[in-house]
Amino acid sequence: MPEDGLVHRTVYSQVPPMVEYSLTKMAEDLIPILEAMDKWGKYFVDNYNHPNHKS
């Protein structure tokens with residue numbers, strides 16, 4: 001939501017109406033964190049989330 005400070009919303013007054021969304025700097029700063037979480041999640045699924053895994 002734009003009020004969270006992560007997304008910038010631009011409204012163009014034209015017909016038909018047009019709205020454009022983009023990431024703010026604060027949201028862009030989260031990208032490396034999200035990429036690391038994605039990498040960890042894939043590693044977890046590949047290495048620990050199968051029937052033969054023993055802790």
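Up top you'll find the structure we're talking about.
The paragraphs below set out a description of the structure included in this document. Owing to the predicted nature of the structure, the values given are computational and were not obtained by experimental measurement.

## A short note on the overall build of the protein chain
Within the protein chain, the regular secondary structure consists of two helices and two strands. Order of helices (α) and strands (β) in the protein chain, N terminus to C terminus: β-β-α-α. When the 55 residues of the protein chain are sorted by exposure, 4% land in the buried category. Pairs at least 24 apart in sequence give 3% of the contacts found in the protein chain among residues at least 6 apart. A total of about 5,100 Å² of accessible surface is found on the protein chain, and carbon and sulfur atoms cover 61% of it.

## Comments concerning unusual backbone geometry
Look at the link from Val15 to Pro16: it is a cis peptide, with omega at -5 degrees. With respect to the helices and strands, Pro16 occurs in the loop between β1 (7–12) and β2 (18–23).

## Observations concerning the environment of Met26
By secondary structure assignment, the location of Met26 is in helix α1 (residues 25–29). Residues within four places of Met26 in sequence aside, it is in contact with Asp4, Gly5 and Leu6.

## As for the side chain of Thr24
Structurally, the position occupied by Thr24 is in the loop between β2 and α1. If we skip the residues at most four places from it in the chain, Thr24 touches Gly5, Leu6, Val7 and His8.

The rules behind each value
Residues numbered from 1 in each chain as written. Predicted model: local features only at pLDDT ≥ 70, side-chain atom pairs only at ≥ 80, totals over all residues. Heavy atoms only, no water. Helix = DSSP H or I, 4+ residues; strand = E, 2+ residues; numbered from the N terminus. Buried < 20%, exposed > 50% of the residue type's maximum accessible area, 1.4 Å probe, protein only. Contact = heavy atoms within 4.5 Å. Areas by Shrake-Rupley, 256 points an atom, 1.4 Å probe, with all protein chains shown as cover.

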